[in-house]
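Letter by letter, the chains look like this.
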Amino acid sequence: MNVAHRVGLPRDEFGHLLGLAPEHLGDDLCRPPAATINHIAELTVAHAPWTDVAQLLTQQAVVGALGVWDYLITCAPTPLEGIKDAAASFAVVADTATETLTVTEDGEKVIIGHLNHAHLANQAACAVRGFALGLYRQRLSQAAGRPVLPLRVSLAARAPRRHDTLTELYATAAIDFEAPSSSLTFLAADL
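The rules behind these values
Residues numbered from 1 in each chain as written. Predicted model: local features only at pLDDT ≥ 70, side-chain atom pairs only at ≥ 80, totals over all residues. Heavy atoms only, no water. Pairing = 2+ DSSP bridges. Helix = DSSP H or I, 4+ residues; strand = E, 2+ residues; numbered from the N terminus. Axes fitted to C-alpha atoms, helices over the stretch in contact; angles between N-to-C directions. Buried < 20%, exposed > 50% of the residue type's maximum accessible area, 1.4 Å probe, protein only. Polar contact = N/O pair within 3.5 Å; in protein donor to acceptor, adjacent residues only side chain to side chain. Contact = heavy atoms within 4.5 Å. Patch = residues over 30% accessible without salt bridge, like charges linked within 9 Å, V, L, I, M, F, W, Y side chains within 5 Å. Areas by Shrake-Rupley, 256 points an atom, 1.4 Å probe, with all protein chains shown as cover. Salt bridge = Lys/Arg side-chain N within 4 Å of Asp/Glu carboxyl O. Core = buried A, V, L, I, M, F, W, Y, C linked by side-chain atoms within 4.5 Å.

**Quick look at the sheet that holds strand β5 (residues 182-187)**
Strands belonging to one sheet form pairs held by backbone hydrogen bonds; the direction of such a pair is parallel or antiparallel.
And step 1. Within the open sheet, the 5 strands sit side by side as β1-β2-β5-β3-β4. Their pairing is mixed. With partners counted over all chains shown, the strands left at the sheet margins are β1 (99-106) and β4 (175-177), one partner each. Pairs of neighbouring strands in the sheet enclose a mean axial angle of 15 degrees, with direction left out of account.

**Describing the side chain of Asn116**
And step 1. Within the fold, Asn116 resides in strand β2 (residues 109-116).
And step 2. Residue classification places Asn116 among the buried residues on the basis of a relative accessible area of 11%.
And step 3. Looking at Asn116, its side chain comes within polar contact range of the side chain of Glu99, at 2.5 Å.
And step 4. Within the structure, Asn116 has its side chain in polar contact with the backbone nitrogen of Ala118 (distance 2.9 Å).
And step 5. Every residue in contact with Asn116, bar those within four places of it in the chain, is listed here: Thr98, Glu99, Ala125, Val128 and Arg129.

**Structural notes on a nonpolar patch on the surface**
And step 1. A cluster of nonpolar side chains, contributed by Val68, Tyr71 and Val92, occupies part of the molecular surface with about 290 Å² of accessible area.
And step 2. As for its placement among the helices and strands, Val92 is situated in the loop between α6 (79-88) and β1.

**Things to note about the nonpolar core**
And step 1. Ranked by size, the top nonpolar core spans 42 residues in total, and within it Ile112, Tyr136, Leu155 and Tyr170 carry the most contacts.
And step 2. Here this core gets 9 residues from one element, more than from any other, and that element is helix α7 (residues 123-144).
And step 3. Not counting residues up to four positions away in its chain, the partners in contact with Tyr170 are Arg129, Gly130, Leu133, Gly134, Arg137, Pro150, Val153, Leu155, Ile175 and Leu184.
And step 4. Phe14, Leu17, Leu20 and Ile40 belong to the second largest nonpolar core, which has 7 residues in total.

Read these as layout, nothing more, since geometry by itself doesn't imply function.
Here it is, written out as structure tokens:
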């Protein structure tokens, strides 16, 4: 909601949606329905490029904003153990009918995968995918106490005209677009 407001979307265009009443937003046991979140994302990308929305969402996601899920990543003995715990509890923060978080160890590399079943051209889904990868990198860096830089980023999105915001978000220009799913590849030693 904060990002929608920051890009110029008036609150009266989305404030009435299911799950956004003040008594729901103030209750840690309530989460807005996925349909509400998706609708806000669709309205938001109509006001700003999906790349900017992904970056703004990541900036807004301070540690603690995602409750116990943040704790799982940032307080584990290692960032790798933390992201594995977070993947096992992904339903706490996402609709697992449409989103999946995976952790794959492949020799000296670890691949953090994010699958969103929406079409590559769906700008709102691209923003969510971009945000998810930005969030994972951010939390892993916070857990490590230092910047954790991916070797490669794959995004299930068509290449935007400009992707400097994504280069900044992921701290690398090694971004592949139109991938079957989105992922971050790290050196296992970094995690």
